[in-house]
Amino acid sequence: MQLRYNYRTYPDASQRRALARAFGCARVVWNDCLRDRKEAHAAGLPYVKSAELSRLRITQAKRTEERAWLADVSAVVLQQSLRDLDTAYKNFFDSIKGKRQGRKVGPPRYKSKKDTRQSIRLNTNAFSLKEDGTVYLAKVGHLKVKWSRRLPAAPTSLTVTKDSCGRYFLSFVVDTEPDILPELETESGIDLGLSAFAVLSDGSKIDSPRFLRRAEKKLKRLGRELSRKAKGSKNRARARIKVARQHAKVADRRRDWHHKASTQIIRDNQAVYVEDLAVSGLGRTRLAKSVHDAGWSAFVGMLEYKAVKHGRIFAKVDRVFPSSQVCAACGFRDGPKPLHVREWTCGECGIVHDRDHNAARNVLFEGRRIVAAGRAETINASWSAGKTRTKVPAQRVEAGSPRKGQTTQAGIPGL
């Protein structure tokens with residue numbers, strides 16, 4: 001299975017300039033190739049192949065005066081940018097033809113140097129891990145890295161990212177074997193909410209930390225300071241970075257909390273079932289800020305890939321399943337209820353239910369039924385989950401593409 005390991009890196013001034021050139025050259029190659037394909041499509045010409053684009057927009061472009069600076073960066077960066085464009089087109093075509101599950105994917109778009117996130121991707125021919133704990137990048141140099149943990153195997157690709165507040169990260173994609181945990185007898189259904197982040201079928205509750213709400217006062221103050229700065233001034237640029245750093249802190253705290261909570265749930269249960277919520281729809285309601293602050297989609301995604309990693313069962317219950325309307329004791333459907341109703345009495349058996357706990361129990365029963373019927377839509381909803389080399393997409397936004405090349409050293413000796 002593929003896993004992604006993310007580390008903070010601290011380039012010096014010359015390395016930051018080299019990375020800025022690499023970000024810009026990768027963006028120019030992407031935009032040039034995308035423009036050629038769009039113009040060919042508008043003119044009714046055939047789809048331009050990658051080999052032709054590589055020859056025109058990389059090899060020959062380096063020999064021209066207006067694109068001679070493309071030779072200042074590694075050729076791997078430019079070729080990977082073209083491969084990423086091919087992947088974006090493939091996802092778009094597969095989505096149109098119905099070969100790709102999930103939400104519809106739009107066509108590739110042009111990139112801007114003002115985007116909040118800049119990145120380049122390299123294969124093993126353009127980077128290597130060194131004995132002194134640094135990472136060598138072609139035409140950039142040896143980057144200092146803060147190693148929070150060892151890599152379990154040799155990485156197959158590397159993505160260098162600069163975020164909106166100027167931080168740099170190295171993201172390694174690693175092919176590794178699943179870490180199967182001992183089997184347990186416990187199973188859990190999870191009802192996600194806002195008053196309590198999650199209620200488990202055994203009655204335990206996980207309180208919502210509300211990281212964005214807690215930082216809202218400081219964010220408002222920084223936003224007012226930013227709005228008072230003159231546009232285009234250096235003071236406005238510094239104020240913008242302050243706002244971006246505060247948002248990054250909120251996101252980092254939420255992600256760290258999601259990881260800890262999801263790991264604990266996966267370790268304590270052999271099977272985990274969760275309701276498939278329409279987060280994008282809820283994000284357009286009056287509860288949008290609270291919904292995005294909770295981060296349900298990221299949390300469910302962590303549960304899903306960690307279940308594969310540790311040999312657990314994971315399944316999603318359809319969002320139309322009436323988990324809050326059915327009595328978990330007798331199965332009587334009592335009808336829809338407004339959100340302010342947190343407790344209700346079953347009209348058939350007379351049991352008083354906590355709304356969230358009852359929903360979690362119903363999610364557990366429905367998840368068991370889905371798995372038993374063999375209709376689970378997850379890639380690991382079977383008792384053999386994690387016991388084979390299940391292909392799992394690498395986490396952290398972009399998926400790495402393993403390339404054949406020279407091997408790199410696994411881990412950093414001496415740490």
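This text follows the structure it describes.
I will try to describe carefully the structure that is included in this document. The model shown is predicted, which means the values in this text are computed figures rather than measured ones.

1. So, the packing of helix α2 (residues 50-59) against helix α3 (residues 75-97)
Logical step 1: Contact pair α2 / α3: the axes reach a minimum separation of 11 Å and the direction vectors enclose 140°. By the angle class used here, α2 and α3 are oblique. Of the two possible hands of crossing, α2 and α3 adopt the one that is right-handed. Contact residues: α2 offers Ser-50, Leu-53, Ser-54 and Ile-58, while α3 offers Leu-78, Gln-79, Leu-82 and Asp-86.
Logical step 2: Residues belonging to the contact of α2 with α3 are distributed by class as follows: four nonpolar, three polar and one charged.

2. Observations regarding the side chain of Arg-312
Logical step 1: In this fold, Arg-312 is placed in the loop between α9 (296-309) and β13 (313-317).
Logical step 2: The side chain of Arg-312 sits in the buried core without any salt bridge; Glu-183 is the nearest counter-charge, 7.2 Å away.
Logical step 3: Of note is the side chain of Arg-312, whose polar atom sits 3.4 Å from the backbone oxygen of Arg-267.
Logical step 4: Of note is the side chain of Arg-312, whose polar atom sits 2.7 Å from the side chain of Gln-270.

3. Considering the sheet that holds strand β4 (residues 135-137)
Logical step 1: Across the sheet, which stays open at both edges, the three strands sit in the order β3-β4-β5 with antiparallel pairing between neighbours. Edge positions in the sheet fall to β3 (127-129) and β5 (141-143), since each of these pairs with one other strand and no more. Within this sheet the neighbouring strands show an average axis-to-axis angle of 25°, counted without direction.
Logical step 2: Of the strand pairs in this sheet, β3 and β4 are connected by three bridges, and their pairing is antiparallel. Bridge pairing links Leu-129 to Val-135 in β4.

4. What to know about the pairing of strand β2 (residues 118-123)
Logical step 1: A large share of β2 lies buried, amounting to five of its six residues.
Logical step 2: Two elements, β2 and strand β7 (residues 155-162), share six bridges in a ladder whose sense is antiparallel. Directly across from Asn-123, in β7, lies its bridge partner Ser-157.

Quick notes on the rules
Residues numbered from 1 in each chain as written. Predicted model: local features only at pLDDT ≥ 70, side-chain atom pairs only at ≥ 80, totals over all residues. Heavy atoms only, no water. Axes fitted to C-alpha atoms, helices over the stretch in contact; angles between N-to-C directions. Helix = DSSP H or I, 4+ residues; strand = E, 2+ residues; numbered from the N terminus. Parallel < 35°, antiparallel > 145°, perpendicular 65-115°, else oblique. Left-handed = near helix turned anticlockwise from the far one by under 90°. Contact = heavy atoms within 4.5 Å. Nonpolar A, V, L, I, M, F, W, Y, C, P; charged D, E, K, R; others polar. Buried < 20%, exposed > 50% of the residue type's maximum accessible area, 1.4 Å probe, protein only. Lys, Arg positive; Asp, Glu negative; His and termini not counted. Salt bridge = Lys/Arg side-chain N within 4 Å of Asp/Glu carboxyl O. Polar contact = N/O pair within 3.5 Å; in protein donor to acceptor, adjacent residues only side chain to side chain. Pairing = 2+ DSSP bridges.

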